[in-house]
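A look at the structure
One letter stands for each residue in the lines below.
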Amino acid sequence: MMSLPATMLYYVGYDTIRAALLNKGISNNNASWISGGFARGVACVTVSPLERIRTQLQANASKGTALDVLRANFQTGALWQGLSATVLRDVPFSAIYWFGYETNKEILGSYWWRWRSAYYSSPLTTKLANQQPPVFVSFLSGLGAGWLATVCTHPFDVIKTQMQTAEDRGVLRPTLRGTYTAIQQKAGWLGFSSGLRERMLKVGPACAIMITCYEGGKRFFGHYRA
């Protein structure tokens, strides 16, 4: 329900903004983190109500259907509750992820072409060096960048989840500061690492698979159009 519109907005926005920044002479790495953060911010605001509904249904299935939860949140004006924590998690996540991805791809790609040139020297080597690196470079680059971004932004994920499920604990209007204080008082600083391992196991491979499919799709349709 939420992944398709969020992903479409995110990737289309990223590519569009990045291309515009590169045309203005901004470096590749800077264009990547700026574009990633901005595109994610737009996607967050757009799909935040859907994420809130999903989180509430996962936390308490007795709330009914997605339509029931949507109606209840609309009546109380709480559709965008937790948006601040979501933005604080997702915008830095995307900025770190895309910066890490482009950096990793550049480094791993250079090693790949050095190895390719050394062991498979041929007239095609110069031509191949001007092409994109193999898709496994995208996979490894996305995996590493996804893990790094997850570790850096996980505390905000904990806060976001607590804010979006606060009503189940009797808190009607949770605030960012109040939720942060409650977590710190209840579990200390370790409370902000709750679920980190599970999130890394989920987000890292997901980032790697998505970026590999995305890069592969761009190459396929690029060749098809050519």
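Look a little higher up for the structure.
Okay, so let's go over this structure. (Residues numbered from 1 in each chain as written. Predicted model: local features only at pLDDT ≥ 70, side-chain atom pairs only at ≥ 80, totals over all residues. Heavy atoms only, no water.)

Here we take up the packing of helix α6 (residues 135-164) against helix α7 (residues 176-187). Look at α6 against α7: their axes get within 10 Å of each other, and the N-to-C directions meet at 110°. Our classification of the angle between α6 and α7 gives roughly perpendicular. Side by side, α6 and α7 meet where Val158, Ile159, Gln162 and Met163 of the first sit next to Leu176, Thr179, Tyr180 and Ile183 of the second. (Axes fitted to C-alpha atoms, helices over the stretch in contact; angles between N-to-C directions. Helix = DSSP H or I, 4+ residues; strand = E, 2+ residues; numbered from the N terminus. Parallel < 35°, antiparallel > 145°, perpendicular 65-115°, else oblique. Contact = heavy atoms within 4.5 Å.)

Under the 1.5 Å per step criterion, the end-to-end length of α6 is only 37 Å for 30 residues, more than 12% shorter than the ideal 44 Å. Of all the bends in α6, the largest measures some 55° and sits at threonine 153, one to four residues before the proline proline 155. (Expected span 1.5 Å × (residues − 1). Bend = angle between axes of the 7 residues up to and from the residue.)

With that settled, the discussion passes to the pattern of salt bridges. Close approach of charged atoms allows side chains of opposite charge to pair. Inspection of every chain in the model, using the stated rule, returns nine salt bridges. We note a salt bridge from aspartate 90 to arginine 89, for which the minimum N-O separation is 2.4 Å. Like arginine 89, aspartate 90 is buried. Within the structure, one salt-bridge network assembled from shared partners comprises Asp15, Arg18, Glu102, Lys105, Glu215 and Lys218. (Salt bridge = Lys/Arg side-chain N within 4 Å of Asp/Glu carboxyl O. Buried < 20%, exposed > 50% of the residue type's maximum accessible area, 1.4 Å probe, protein only.)

On to α7. An ideal rise of 1.5 Å per residue puts 16 Å on 12 residues; α7 measures up with 17 Å between its terminal C-alpha atoms. At the C-terminal side of α7, glycine 188 shows a positive phi close to 75°.

Next up on the list: the nonpolar core. In this structure, Tyr10, Tyr11, Phe93, Tyr97, Trp98, Tyr101 and Ile211 are the most contacted members of the largest nonpolar core, which totals 14 residues. Every element with two or more residues in this core is listed here: α1 (3-23), α4 (83-119), α6 and α8 (196-225). Those residues in contact with tyrosine 97 that lie beyond four places of it in its chain are Tyr10, Gly142, Ala145, Gly146, Ala149, Cys207 and Ile211. Core analysis: the next-biggest nonpolar cluster, separate from the first, contains six residues, Ile159, Met163, Ile183 and Phe192 among them. (Core = buried A, V, L, I, M, F, W, Y, C linked by side-chain atoms within 4.5 Å.)

Attention now goes to the side chain of histidine 154. With respect to the helices, strands and loops of the structure, histidine 154 is situated in helix α6. In this structure the side chain of histidine 154 is engaged in a polar contact, spanning 2.7 Å, whose partner is the backbone oxygen of serine 194. Apart from the residues within four sequence positions on either side, histidine 154 is in contact with Phe192, Ser193, Ser194, Gly195, Leu196 and Arg199. (Polar contact = N/O pair within 3.5 Å; in protein donor to acceptor, adjacent residues only side chain to side chain.)

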